[in-house]
Amino acid sequence: MTIAEPVITLQHVALSFGKRVILRDANMAIQQGEFVVVLGPNGAGKSTLFKMLLGLIQPTAGEIRVLGRVPRSGNKEIGYAPQHRTVEGDLALRARDLVGFGLDGNRWGFGLPSRKRDAIIDQALEEVDALRYANAPVGHLSGGEQQRLLIAQALLTNPRILLLDEPLASLDIARQQDIVTLVDNVCRSRGVTVLLVAHDVNPLLPVLDRIVYIANGQSLIGTPGEVITSENLSKLYKAPVEVVHALDRIFVVGAEV
Ligand SMILES: Nc1ncnc2c1ncn2[C@@H]1O[C@H](COP(=O)(O)OP(=O)(O)OP(=O)(O)O)[C@@H](O)[C@H]1O
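Residues numbered from 1 in each chain as written. Predicted model: local features only at pLDDT ≥ 70, side-chain atom pairs only at ≥ 80, totals over all residues. Heavy atoms only, no water.

Caption draft 1: Looking closely at unusual backbone geometry. One non-glycine residue with positive phi stands out, namely aspartate 129, at about 60°. Inspection of the secondary structure puts aspartate 129 in the loop between helix 3 (114–127) and helix 4 (143–155). Within the chain, aspartate 248 stands out as a residue other than glycine whose phi angle is a positive 60°. Structurally, the position occupied by aspartate 248 is in the loop between strand 10 (242–246) and strand 11 (249–253). (Helix = DSSP H or I, 4+ residues; strand = E, 2+ residues; numbered from the N terminus.)

If you want it as structure tokens, here you go:
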């Protein structure tokens, strides 16, 4: 039996912006098809980790490999949905146009015949159950509907890795659940590796494989039971933190997550 190479590895990775240390000695190996939730307080470096994987920010030290190579920008094997604020108002942009940006941002999308282009966009819209509002103006759609479009956009190039930055932000619990189910289906059916930034792990507990926790320049990776413990979080935050398990949920008391 051969053991598959991890799709993402960080070895002794450090990153600072001037005097601000974001990561000191980060180490992780993430496998094909894993669903990984990235947690940590505001400003910890969660989005910055994504930018390093996308080749947009270089580590100060250490080695990063994505699908066996040094990260490079424009890698169509990574689908990326950045942090997003809901678009409001009468913006003329239609849902399918927003999704189509996923092709335009990649060189291979240029010059596609329009029928082929439409078919690719329709397929992505169908996968996120957004076909029925394909022609609606984006500003008329709810936050959850807009989030589906961003996921469709990220899927357009058939990526092997999906980076989703806070796709659950400002959604109600039911809509959060819908997006979690959608992303889980994409992860399992396509065998895509998902990294998803969140501030609350609870809606994701039924589907995630492991979590990465970043705080104060340190990072931990493992199952929720391995990582989210009073001892670990007290060390990360350098303050007393209590982790409470109740009603199949995890509550962190004493720190902003
Ligand atoms: N290009 C940059 N130059 C200098 N500082 C930066 C740069 N990018 C990010 N930072 C800083 O690095 C820190 C980490 O930012 P990042 O956006 O990764 O945090 P985050 O964990 O995603 O936070 P949030 O939960 O608030 O989205 C912040 O203090 C931010 O201001």
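Caption draft 2: Representation of helix 2 (residues 95–104) within the structure. A large share of helix 2 lies buried, amounting to seven of its ten residues. Contacts made by the buried residues of helix 2 are with helix 3 and helix 4. (Buried < 20%, exposed > 50% of the residue type's maximum accessible area, 1.4 Å probe, protein only. Contact = heavy atoms within 4.5 Å.)

Caption draft 3: Representation of the pairing of strand 10 within the structure. In the sheet, strand 10 pairs with strand 11 via five bridges, with the strands oriented antiparallel. The residue bridging glutamate 242 from the neighbouring strand is valine 253, located in strand 11. In sequence, strand 10 turns back onto strand 11 through a hairpin of two residues, with leucine 247 there showing a positive phi of about 50°. (Pairing = 2+ DSSP bridges.)

Caption draft 4: Up close: the sheet that holds strand 5 (residues 78–81). Pairing within the open sheet is mixed, and its six strands lie in the order 5-6-7-3-8-9. Strands with a single pairing partner mark the edges of an open sheet, and in this sheet they are strand 5 and strand 9 (218–222). This sheet shows a mean twist of 15° between the axes of neighbouring strands, independent of strand direction. Here strand 5 pairs with strand 6 (residues 161–165) via four bridges, running parallel. Paired with isoleucine 78 across the two strands is isoleucine 161, which belongs to strand 6. Packed onto the sheet, helix 5 (residues 173–190) meets strand 3 (35–39), strand 6 and strand 7 (193–197) and runs at close to 135° relative to strand 3. Seen against the sheet, helix 7 (residues 230–237) touches strand 8 (210–215) and strand 9 and runs at an angle of roughly 30° to strand 8. (Axes fitted to C-alpha atoms, helices over the stretch in contact; angles between N-to-C directions.)

Caption draft 5: View of the sheet that holds strand 1 (residues 8–17). Spatially, 2-1-4 is the arrangement adopted by the three strands of the open sheet, whose pairing is antiparallel. The two strands at the open ends of the sheet, each matched to only one other strand, are strand 2 (20–30) and strand 4 (61–66). Across the sheet, the mean angle from the axis of one strand to that of its neighbour is 25°, orientation sign disregarded. Pairing of strand 1 with strand 4 involves five bridges; the strand directions are antiparallel. From the neighbouring strand, glutamine 11 faces strand 4, where its bridge partner is glutamate 63. On top of the sheet, helix 1 (residues 46–53) reaches strand 1, strand 2 and strand 4; it is set at about 120° to strand 1, its chief contact.

Caption draft 6: Seen up close, the pattern of salt bridges. If you walk through the whole model with that rule in mind, you get eleven salt bridges. Sharing partners across several salt bridges, the network here consists of Arg96, Asp118 and Asp122. (Salt bridge = Lys/Arg side-chain N within 4 Å of Asp/Glu carboxyl O.)

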